[in-house]
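# Overview (structure and organization)
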Amino acid sequence: MAGIDFRQMLGAASAAGAPGARSDRAPANAATKRLSPVVVTGLVRLAEAVLIAGIGIAVHTVYVARVASFDLGYAAAVLLVTMAATLSFQAVGVYTIGALRTLVAAGLKVAGAWTIIFLACTAAVFFFKAGEQFSRVWLGLWYLVGLVALLAERLGISIWVGAMTRAGRFERRTAIVGGAEPANDIIRALQSQPESGI
């Protein structure tokens, strides 16, 4: 049994001039490519992991490298904080298209998770008596620079994702069950919302 291709049906209806058919949208194979939300959120996740690790290494290079080399302890700390941040951001739900589109709510979640991670790092340094192995200034600078960079990155991403959503570039599939005037009302309501991505 073959599947039903609604895009083909809409294209045929549009070509036939059927009432209610939508001919204002570009066909699926047009020059404008659709973006997969899964790919976009995965790339954001990767970019944030690289950003976090890069800032940790850069702060060490600029501040700590004069007095201590980037040894296994610092490498492990960078790796653990990067993994903890990525997992924490996933846990608080900031890797969805909706969260990437909203700066304030997602920014507060990112800032909260980032702060908790560094509070845990500070507690670990204290309880494991590792104050001699790690620079507290490095940890503090990594926290501050990282927080500013993450929020700036989220601002840029929210602007870009909002523009792509309004342009209808994300793949979204919507099925409306039923017909007649109530279905047309739902379709018109969805079309009137530029942030719906439909």
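The structure reproduced in this document is the subject of the present report.

## Concerning a nonpolar patch on the surface
A surface patch of nonpolar side chains, about 480 Å² in accessible area, is lined by Leu103, Val104, Leu108, Leu155 and Ile159. Every element with two or more residues in the nonpolar patch is listed here: helix H5 (103–127) and helix H6 (136–166). Residue contributions to the nonpolar patch peak at three residues, all from H5. The residue Ile159 is located in helix H6 in this model.

## Examining the layout of surface pockets
Taken as a whole, the second largest pocket spans an internal volume of roughly 310 Å³. In this structure, the second largest pocket is lined by 15 residues; those nearest its centre are Ala77, Cys121, Ala124, Val125 and Phe134. The set of elements that each furnish at least two residues to the lining of the second largest pocket consists of helix H3 (72–91), H5 and H6. Considered class by class, the residues forming the lining of the second largest pocket number 15 nonpolar, no polar and no charged.

Rules behind the numbers
- Every residue gets a number counted from 1 within its own chain, in the order that chain's sequence is written.
- Local features in this predicted model are restricted to residues of pLDDT 70 or higher, and side-chain atom pairs are both shown and tallied only at a pLDDT of 80 or more, whereas totals for entire chains, interfaces and linings draw on every residue.
- Heavy atoms throughout the structure, all of them, feed into the side-chain values; hydrogens and water do not.
- Nonpolar side chains (Val, Leu, Ile, Met, Phe, Trp, Tyr) within 5 Å and like charges within 9 Å form the patches, drawn only from residues with over 30% relative accessible area and no salt bridge.
- For accessible areas, the Shrake-Rupley method is used with a probe of radius 1.4 Å. Any residue's cover is judged against the shown protein chains and nothing else.
- A side-chain nitrogen of Lys or Arg and a carboxyl oxygen of Asp or Glu constitute a salt bridge if their distance falls within 4 Å.
- Helical segments are the DSSP runs of H or I of at least four residues, strand segments are the runs of E of at least two, and each set is numbered from the N terminus.
- Cavity and pocket criteria rest on a 1 Å grid covering protein atoms alone: a 1.4 Å probe that fits but cannot get out defines a cavity, protein on both sides within 12 Å along at least 5 of 7 lines defines an open pocket, and an atom within 4 Å of a point defines a lining residue.
- Grid points are joined across faces, edges and corners, and a volume is the space filled by probe spheres set on the points.
- Basically, the charged four are Asp, Glu, Lys and Arg, the nonpolar ten are Ala, Val, Leu, Ile, Met, Phe, Trp, Tyr, Cys and Pro, and anything else, Gly included, counts as polar.

Remember, this is a structural readout, not a statement about activity or role.
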